[in-house]
Amino acid sequence: MALLEVQGVGKTFGALRALDGVDVSVRANTFHGLIGPNGSGKSTLLKAIAGAHLADDGTITFDGSDITKMRAADRARRGLSLKFQITAVLPELSVYDNLLLSIQADEPVWALVRSRSRGEAHDRVMDALERFRLADRADDLAGELSHGLQQWLEIAMALMRRPKLLLLDEPTGGMSPEERRATGELLMPIKADCALVIVEHDLDFIKDICDHLTVLDQGRVLDDGTVAEIEASPKVQEVYTTRV
Amino acid sequence: MADIAQSGPKIARRPTRVIPIVEAVLLALLIAMPLLVSDFLTVIITRMIILAMLAISFDLCWGYSGIMTFGQALYFGMAGYVVALLANKTGFVQFWGVIPIGMATGLLAALFIGWFLLLGKRTPEIIFVALGTLTASYAAERMVAGWQWVGAGNGMSVFDFLKIGDYELEPGIVFYYIAAAILVLVYLASRYLVRSQFGLVLAGMRQNEERLAFFGYKVQVFKALVFCFAGMIAGLSGALYAYHEGFIGPGSMGIVLSTYAVLYGLFGGAGTLLGPIIGVIAIESISFTLSDLDAVKSFWPVVLGVILLVVVAYKPTGLLGFVLSQRERIGTFGIGTARRDANPRKSDDGAA
Ligand SMILES: Nc1ncnc2c1ncn2[C@@H]1O[C@H](COP(=O)(O)OP(=O)(O)OP(=O)(O)O)[C@@H](O)[C@H]1O
Ligand SMILES: [Mg+2]
């Protein structure tokens, strides 16, 4: 059974049907790309999966349990991690503390009061800083980082939670081609540990790293398949040539 | 601000830390004061010390957890009433019992109020919490003002002194030092909390509450815990107050004192723990002076109000904001970078 199973999910904003009967299935340890024109519902779908808002209809099953109505915090505790489209690092905390905050989220409250894991978490924070090329910025405020580095910090924060599924909404937005390539390199090794659902406009980037693609258009799944299948799909061709 | 070292770009960028200096100055004043001033002023300053705990309890809620509590006096007054009733109806005045009872009263009252206001299904709006706490405080004030058994509008005198064994604790220099020691303990306990990994969660919560939920934090639980801890400190403060003043009345429970707690915090500088203490000293000294000054005797609260308004409008970070950087106010929570390599596993309260 797939790690994440989205079935018939719909979401309405006023008169707008942002998602309309969406089915997506993500297997463990795969990279799953979510593409589609602006406003097609990609972010709305990720938010419904992560619990930023609730789906109006349909079901979302994650790792064997129904999470459709679950609170965001509980989903996170089950192994879902989200990086929003708009970067949301904590700007007035240091880069180091942003990572620490993410690592210690599973600790019981009393352990946090007594700062019991501060020493233990330290090594993991330092590893993440090295891996995401942030080591020399550890003491800077997260808000002082460039946009690209903030994205990396957020990805690092999401990964620190050792999620089973990582949801990334446009992680390379505002990055230079050079930074994009580096982002791909940073992401590849995580396939061993978790699955990834990634929203991107840069098709070359997404083709490089993804195993499987789902194309959304106006709140519906237009097509779904391997990268090769999607590249050959006439339906997708049409949307991408006439409207993007 | 002067750089303290040139040994590397990291350290050179770090400015002098202000908090330890302010702490040292306040501690020195706290110790020396009774030796420098009259007995009369010692009693006045003891009252400030007691109110400083109330102010810290407000700061824990607002400055650290974003809970706008307009009802901190409720826990203060309720604890005051409980220990006064114990003294008057049963004759129990032992310090070792009275203090925990005051704390427990504040804690339970805050647990009760916090349950309704903070632990609902949805994250409550600031204004909802502000009005809720304000209403609770007002309702409690009206209730005791109409309740004969607790002295109604006249309040209750506490005729006995607080006792440690057989020693009677009159307001004066000994009471002063005991209150001062308790304030130091309250400050240290609060500082321990806000600089712990728990405090890191609070700091994150203040910046982006929604984001923390996506890490898996149940932010309401953190808020409710701080609220209860703050209620406990307010209760401790109220119990001391009832004995120190020898009196507790509806006013000690109501919205005027609750508002003062807010003013102490905002005027001195919220989110610093030290700011509220400075706020109490400043506001109480100004009103003490003004109310004694013939020229402004009749309208001193207006003058005080204007001073508060000017400072808070001109400097939203309060008096302490004049010397304290935003960076230092928020602090860091990991193992300090300087100490990292030297001794990674040993971290006492390693925050800045
Ligand atoms: N909170 C909201 N309230 C009202 N409408 C919304 C809300 N969020 C999204 N929408 C609308 O829903 C539709 C889908 O939005 P969504 O953000 O999911 O698109 P997207 O595929 O992520 O687009 P983009 O590529 O621009 O990020 C859009 O028309 C958008 O305006
Ligand atoms: Mg989007």
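1. Comments concerning the site of ligand 1
Residue and element names in this part refer to chain A.
Next up, step 1: Near ligand 1, the surroundings consist of 14 residues, among which Asn38, Lys42, Ser43, Thr44 and His201 are the closest.
Next up, step 2: For ligand 1, an oxygen atom lies 2.5 Å from a polar atom in the side chain of Thr44.
Next up, step 3: Expressed as a share of its isolated accessible area of 630 Å², the protein-covered part of ligand 1 is 62%.
Next up, step 4: With three residues, helix 1 (residues 42–50) is the largest single contributor of residues to the shell around ligand 1.
Next up, step 5: Looking at the shell around ligand 1 residue by residue, the class counts come to four nonpolar, eight polar and two charged.

2. Topic: the sheet that holds strand 4 (residues 57–62) of chain A
All names here are of chain A.
Next up, step 1: Pairing is antiparallel across the open sheet formed by four strands, whose spatial order is 2-1-4-5. Because the sheet does not close on itself, it has two edges, and the strands there are strand 2 (16–26) and strand 5 (65–66).
Next up, step 2: Note: strand 4 against strand 5, two bridges, orientation antiparallel. Opposite Phe62, over in strand 5, you have Ser65 as the bridge partner.

3. Focus: the interface of chain A and chain B
Next up, step 1: On the chain B side, the residues contacting the 46 residues of chain A number 41 residues.
Next up, step 2: Carbon and sulfur atoms supply 55% of the area buried between chain A and chain B, which totals about 3800 Å² over both sides.
Next up, step 3: Counting the surface chain A buries against chain B, the share from its top three residues, A:Glu92, A:Arg118 and A:Asp139, is 19%.
Next up, step 4: The interface formed by chain A and chain B holds two salt bridges in total.
Next up, step 5: Of the charged contacts in the structure, one is a salt bridge between B:Arg211 and A:Glu154, with a shortest N-O distance of 3.1 Å.
Next up, step 6: Counting across the chain A and chain B interface gives 22 residue pairs in polar contact (both at pLDDT 80 or more).
Next up, step 7: Contributions of two or more residues to the side of chain A that touches chain B are made by helix 2 (72–77), helix 3 (95–103), helix 4 (109–113), helix 5 (118–131) and helix 6 (147–160) of chain A.

4. Remarks on the pattern of salt bridges
Next up, step 1: Applying the stated criterion across every chain yields a total of 18 salt bridges over all chains.
Next up, step 2: For A:Glu185, the salt bridge goes to A:Arg133, with nearest N and O atoms at 3.7 Å. Taken together, the residues span a long stretch of sequence, with A:Glu185 in helix 7 (residues 177–187) and A:Arg133 in the loop between helix 5 and helix 6 at a distance of 52 residues.
Next up, step 3: According to the relative accessible area criterion, A:Arg133 is partly exposed, its value standing at 45%.
Next up, step 4: Of the charged contacts, one joins B:Glu23 and B:Arg191 as a salt bridge, the two residues approaching to 2.9 Å between their closest N and O atoms. Linking B:Glu23 in helix 2 (residues 19–36) with B:Arg191 in helix 7 (residues 173–194), this pair joins segments that are 168 residues apart in sequence.
Next up, step 5: Taken together, the salt bridges that share partners define one network made up of A:Arg17, A:Asp20, A:Asp57 and A:Arg220.

5. Let's talk about the pairing of strand 2 of chain A
Residues and elements named next belong to chain A.
Next up, step 1: Here strand 1 (residues 4–13) runs beside strand 2; their pairing, made up of seven bridges, is antiparallel. Note on strand 2: the bridge partner recorded for Leu4 is Val26.
Next up, step 2: Linking strand 1 back to strand 2 in an antiparallel pair, the connection comprises two residues, with Gly14 at a positive phi of about 55 degrees.

6. Structural notes on the sheet that holds strand 6 (residues 80–83) of chain A
All names here are of chain A.
Next up, step 1: Here six strands make up an open sheet; going across it, the order is 6-7-8-3-9-10 and the pairing mixed. Each edge of the open sheet carries a strand with a single partner, namely strand 6 and strand 10 (220–226). Within the sheet, the average angular offset between the axes of one strand and its neighbour, ignoring direction, is 15 degrees.
Next up, step 2: Both strand 7 (residues 165–169) and strand 8 (residues 195–199) contribute to a ladder of five bridges, which runs parallel. Bridge assignment links Leu168 to a residue of strand 8, and that residue is Ile198.
Next up, step 3: Helix 6 rests against strand 6 and strand 7 of the sheet, and its axis sits at about 175 degrees to strand 6.

7. Section: the side chain of B:Thr42
Residue and element names in this part refer to chain B.
Next up, step 1: Among the structural elements, Thr42 can be located in helix 3 (residues 39–65).
Next up, step 2: Of the residues examined, Thr42 reaches a relative accessible area of 2% and is grouped as buried.
Next up, step 3: In this view, Thr42 contacts Pro34, Val37, Gly172, Ile173 and Tyr176; residues no more than four positions away in its chain are not counted.

8. Considerations on the state of the cysteines
Next up, step 1: Enumeration according to the criterion identifies zero disulfides over all chains in this entry.
Next up, step 2: For the unlinked cysteine A:Cys194, the closest cysteine sulfur is that of A:Cys210, found at 13 Å.
Next up, step 3: The thiol sulfur of B:Cys61 is not disulfide-bonded, and the nearest other cysteine sulfur, from B:Cys228, lies at 9.4 Å.
Next up, step 4: Using a relative accessible area of 0% as the deciding quantity, one classes B:Cys61 as buried.

Rules used in this analysis
- Residues numbered from 1 in each chain as written.
- Chains lettered and ligands numbered in written order.
- Predicted model: local features only at pLDDT ≥ 70, side-chain atom pairs only at ≥ 80, totals over all residues.
- Heavy atoms only, no water.
- Near = heavy atom within 4 Å.
- Polar contact = N/O pair within 3.5 Å; in protein donor to acceptor, adjacent residues only side chain to side chain.
- Areas by Shrake-Rupley, 256 points an atom, 1.4 Å probe, with all protein chains shown as cover.
- Helix = DSSP H or I, 4+ residues; strand = E, 2+ residues; numbered from the N terminus.
- Nonpolar A, V, L, I, M, F, W, Y, C, P; charged D, E, K, R; others polar.
- Pairing = 2+ DSSP bridges.
- Contact = heavy atoms within 4.5 Å.
- Buried area = accessible area lost by both parts, 1.4 Å probe.
- Salt bridge = Lys/Arg side-chain N within 4 Å of Asp/Glu carboxyl O.
- Buried < 20%, exposed > 50% of the residue type's maximum accessible area, 1.4 Å probe, protein only.
- Axes fitted to C-alpha atoms, helices over the stretch in contact; angles between N-to-C directions.
- Disulfide = S-S within 2.5 Å.

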